[in-house]
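Chains, contacts and geometry: an overview
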Amino acid sequence: GGMQMVAEAFRNLSATGALVRALELKERFGERVELCPVDVREPFIFERVLDGVDVVFHLVADATPATDLGAIFDVNTRATFALTEAIRIAAPSPDLVVVSTCAPQSVESDDARGMNANRCTKRAADEWVLAEAQRLEIRATVIRFDTVYGPGHCGFGEAQWLVELARGRVAPASALIDTDERRAVLHVMDAVDVLIAAAENLESLRARAWDVSGYSGGVTEWHARIGAVSDCARGPHGPQHETFTITPDTRRFQTIVQWRPTIALDESLREWAASVVAASLEQEARRPMGERRYACSRG
């Protein structure tokens, strides 16, 4: 409708490939994108960038393995607190769509296998946003994705299980297989459509968290599907570090916003495996044995 979409990116751009992708966005969309390369942990930065903004899409998160708990809390939770405070005092207050992860389900269900610093701090941020939205009458919602894949994917965080499957490091006979344990993937372009649809339907969605997934399946199904589309050299099976969770029912969200995934699964997975997974294998092969580790970001 008449909603003005203003795109701004503010982060410290330290994540793998972040600066390159930011510059590509600027080159593609020109004046429609304003880049503000600052750190979300800076005090008062949100107040400086919200002027004239109608909708805030809050995507910043630190999915780094828990080596710096303070940094993870600052990025995932404290920065979200600061954002809601800036929205509260802005005149008029912009709408807010927060991007989160389905993984907090494991926290809610007391499943200790799924608990880590990223998920706990994201859960705290989600609850804060929803409580403040109701208290202050701010139009806001939380969208919880399971696994988002596609161009620009860095291969860590919640998507690590997908990378490990494509690289042949998760055995289909894993002891963690359970008929109720599933994971779901969503192409990044479908995820963008979800966020736009959410922003356009905030009155109907109201201040609550919505679990949104695309194509779901169990570990055996995903192993067969990834094996069929990936031409990568198969590595030795290793331990399954990422548990499969119970993928939520997203039909209510889909009914409210009239959204369905449109990107073909197998074709997009094949393109993703050819670009992201093959590149990560090549990078790892060039590293000395003692330096092989996953890439991490900090905010």
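Let us look at the structure shown here. (Residues numbered from 1 in each chain as written. Predicted model: local features only at pLDDT ≥ 70, side-chain atom pairs only at ≥ 80, totals over all residues. Heavy atoms only, no water.)

1. Looking at the sheet that holds strand β8 (residues 209-212)
- Taking strand neighbours across the sheet as the criterion, the four strands line up as β3-β4-β5-β8 in an open arrangement whose pairing is parallel. Edge positions in the sheet fall to β3 (55-58) and β8, since each has one partner strand and no second. Direction aside, the axes of adjacent strands within the sheet are offset by 20° on average.
- Pairing analysis gives four bridges linking strand β5 (residues 140-145) to β8, with the strands arranged parallel. Bridging across to β8, Val 142 finds its partner in Ala 209.
- Strand contacts of helix α5 (residues 117-136): β4 (95-101), β5 and β8, with the helix running at about 155° to β5, the strand carrying the most contacts.
- Across the sheet, helix α7 (residues 188-200) lies against β3, β4, β5 and β8, angled at about 160° from β5, the strand it touches most. (Pairing = 2+ DSSP bridges. Helix = DSSP H or I, 4+ residues; strand = E, 2+ residues; numbered from the N terminus. Axes fitted to C-alpha atoms, helices over the stretch in contact; angles between N-to-C directions. Contact = heavy atoms within 4.5 Å.)

2. Considering the packing of aromatic side chains
- One pass over the structure, following the stated rule, counts four aromatic pairs.
- Taking 4.6 Å as the distance between ring centres and 45° as the angle between the ring planes, the aromatic pair formed by Phe 81 and Trp 128 counts as tilted. Here Trp 128 lies in helix α5 and Phe 81 lies in helix α3 (residues 69-89), a separation of 47 residues in the sequence.
- Assessed through its relative accessible area of 32%, Trp 128 is described here as partly exposed. (Phe/Tyr/Trp six-rings, centres within 6.5 Å; stacked < 30°, edge-to-face > 60°. Buried < 20%, exposed > 50% of the residue type's maximum accessible area, 1.4 Å probe, protein only.)

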